2 protein chains.
Amino acid sequence: MIEEQKINIDPLDAQTQVFKILTHPARIAILNILRDGEHCVCHMEAYLGLRQSYISQQLAVLREAGLIQDRRDGWNIFYRVVNPDIYTVLDAVQKLTGQAVGPSNPVASCNCPHCMAKQSSG
Amino acid sequence: MIEEQKINIDPLDAQTQVFKILTHPARIAILNILRDGEHCVCHMEAYLGLRQSYISQQLAVLREAGLIQDRRDGWNIFYRVVNPDIYTVLDAVQKLTGQAVGPSNPVASCNCPHCMAKQSSG
DNA sequence: TAATCATATTCATGGATTTGAATATGATTG
DNA sequence: CAATCATATTCAAATCCATGAATATGATTA
């Protein structure tokens, strides 16, 4: 009776995989940063106030899970979300918990082309 | 620069808490069983083919997280989902992964009043 | 090709999670 | 109150995960 597994739990693994990725404040914070398009690693560093290597670790997790993609532009590497459906998940949990997380440090910027452009024009 | 934590990661904890609960095939399977209303533990046992004490362990996790509630009716204890918003989260991930999980063993039944009623009437 | 820049990887350790096995609880019936 | 039923809890071992520290990579510039 115990050996006879009635339900095939395996199809759920793809789902638990995603949840596992999201079980991490820094990774959720990174995804939230990427809501408005691609950003470089140094930007996240300035924004989150976390060590570079630590952010890279979390980016690697997100990347290997297929949730984000990177693109090199000169010195910087820009990350973007692959499938915006991930935000449906995040939004659903925000609604469930009533814990919306606004932009934490909108003025933070780095020396990447994106931020430099914003600084000179704004 | 490293000591100065720019973002307050704490608000994200409520969200990661929920994700942590969902990082578990059996717990997701249980929640899916409860989609159509309350069910007793023996029903889940028959449905999932997992040991009773194991299911109780997972029910305890879900219960302590405030996601489900129990109600005793005679010998049986019936569980139900507290806030159906949890299914918005599950549905979002199902869409993201393309992994829909249908009813695995719809004929499974136990001796609880609910299942007995279905058997005699159907 | 050496220096520099942004970013990535590796590794070790402490801490958390999973899960099987055994046992406990508490309502119900006789 | 003893037996029985459905369900819950405890505990320990194995495994998994988070994170700091150190170091590596690989494009770019001089």
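Just so it is clear, the model here is predicted, and its values are computed rather than measured.

Peer 1: Any chance you could break down the overall build of chain A for me, citing the residues and the numbers?
Peer 2: Scanning chain A from N- to C-terminus turns up six helices and three strands. Reading the secondary structure of chain A in the N-to-C direction produces α-α-β-α-α-β-β-α-α. In chain A, the share of contacts with a sequence separation of at least 24, taken over all contacts with a separation of at least 6, comes to 59%. As displayed, chain A offers around 6300 Å² of accessible surface, 51% of which is attributable to carbon and sulfur atoms.

Peer 1: Run through the protein's contact with DNA strand D, naming residues and quoting values.
Peer 2: By nearness alone, 24 residues border DNA strand D, and Y54(A), Q57(A), C42(B), S56(B) and Y79(B) come closest of all. Taking the atoms of DNA strand D that fall within 4 Å of the protein, sugar and phosphate contribute 67% of them. Taking Q57(B), its side chain carries an N or O atom lying 2.8 Å from a base oxygen of DNA strand D. Contact between DNA strand D and W75(B): a sugar or linking oxygen at 3.5 Å from a main-chain N or O atom of the residue. Mapped by element, the contributors of at least two residues to the surface near DNA strand D are α4 (52–64) of chain A together with α3 (41–48), α4 (52–64) and β3 (76–81) of chain B. Counting residues per element, the surface near DNA strand D draws most heavily on α4(B), at six residues. Tallied by class, the residues present in the surface near DNA strand D amount to nine nonpolar, 10 polar and five charged.

Peer 1: If you had to explain the sheet that holds strand β2 (residues 68–73) of chain A to someone new, which residues and values would you point to?
Peer 2: The pairing of strands in a sheet comes from backbone hydrogen bonds and takes either a parallel or an antiparallel form. Residues and elements named next belong to chain A. Read across the sheet, three strands follow the order β1-β3-β2 without closing on themselves; strand pairing throughout is antiparallel. Strand pairing shows two members of the sheet lacking a second neighbour, β1 (39–40) and β2, which therefore form its edges. Sheet analysis places β1 next to strand β3 (residues 76–81), joined by two bridges and oriented antiparallel. Bridged to H39 within β3 is Y79.

Peer 1: So what's going on with the pattern of salt bridges? Residues and values would help.
Peer 2: Residues and elements named next belong to chain A. Per the stated rule, a full pass over the model turns up six salt bridges over all chains. Close ionic contact of D91 with R35 constitutes a salt bridge, the shortest N to O distance being 2.9 Å. You can see D91 sitting in helix α5 (residues 85–97) and its partner R35 sitting in the loop between α2 (25–33) and β1, a full 56 residues away along the chain. Here D91 falls in the partly exposed class, since its relative accessible area comes to 37%.

Peer 1: Quick one: what's the story with the protein's contact with DNA strand C, residue by residue and with numbers?
Peer 2: Contacts to DNA strand C come from 24 residues, most closely from C42(A), S56(A), Y79(A), Y54(B) and Q57(B). Of what DNA strand C places within 4 Å of the protein, 64% of the atoms are sugar or phosphate. For DNA strand C, a phosphate oxygen lies 3.3 Å from a polar atom in the backbone of V41(A). Listing elements by their share of the surface near DNA strand C, those giving two or more residues are α3 (41–48), α4 and β3 of chain A together with α4 of chain B.

Peer 1: Pulling in residues and values, what's your account of the confidence of the model for chain A?
Peer 2: Looking at chain A, pLDDT values average 86 and 81% of them are 70 or higher. Confidence drops under pLDDT 50 across residues 1–6 of chain A; counting only partners more than four residues distant or on other chains, this segment forms 12 contacts.

Peer 1: Describe the sheet that holds strand β1 (residues 39–40) of chain B, and please don't skip the residues or the numbers.
Peer 2: Read from one edge of the open sheet, three strands run β1-β3-β2 (chain B), paired in antiparallel fashion. Two strands bound the open sheet, and with one partner strand each, they are β1 and β2 (68–73) of chain B.

Peer 1: Pulling in residues and values, what's your account of α3(B)?
Peer 2: Residue and element names in this part refer to chain B. A large share of α3 lies buried, amounting to six of its eight residues. Turning to α3, its buried residues are V41, H43, M44, A46, Y47 and L48. Two residues or fewer past α3, G49 is found with a positive phi of approximately 70°.

Cut-offs and rules
- Residues numbered from 1 in each chain as written.
- Chains lettered and ligands numbered in written order.
- Predicted model: local features only at pLDDT ≥ 70, side-chain atom pairs only at ≥ 80, totals over all residues.
- Heavy atoms only, no water.
- Helix = DSSP H or I, 4+ residues; strand = E, 2+ residues; numbered from the N terminus.
- Contact = heavy atoms within 4.5 Å.
- Areas by Shrake-Rupley, 256 points an atom, 1.4 Å probe, with all protein chains shown as cover.
- Near = heavy atom within 4 Å.
- Polar contact = N/O pair within 3.5 Å; in protein donor to acceptor, adjacent residues only side chain to side chain.
- Nonpolar A, V, L, I, M, F, W, Y, C, P; charged D, E, K, R; others polar.
- Pairing = 2+ DSSP bridges.
- Salt bridge = Lys/Arg side-chain N within 4 Å of Asp/Glu carboxyl O.
- Buried < 20%, exposed > 50% of the residue type's maximum accessible area, 1.4 Å probe, protein only.
- pLDDT = per-residue confidence, 0-100.

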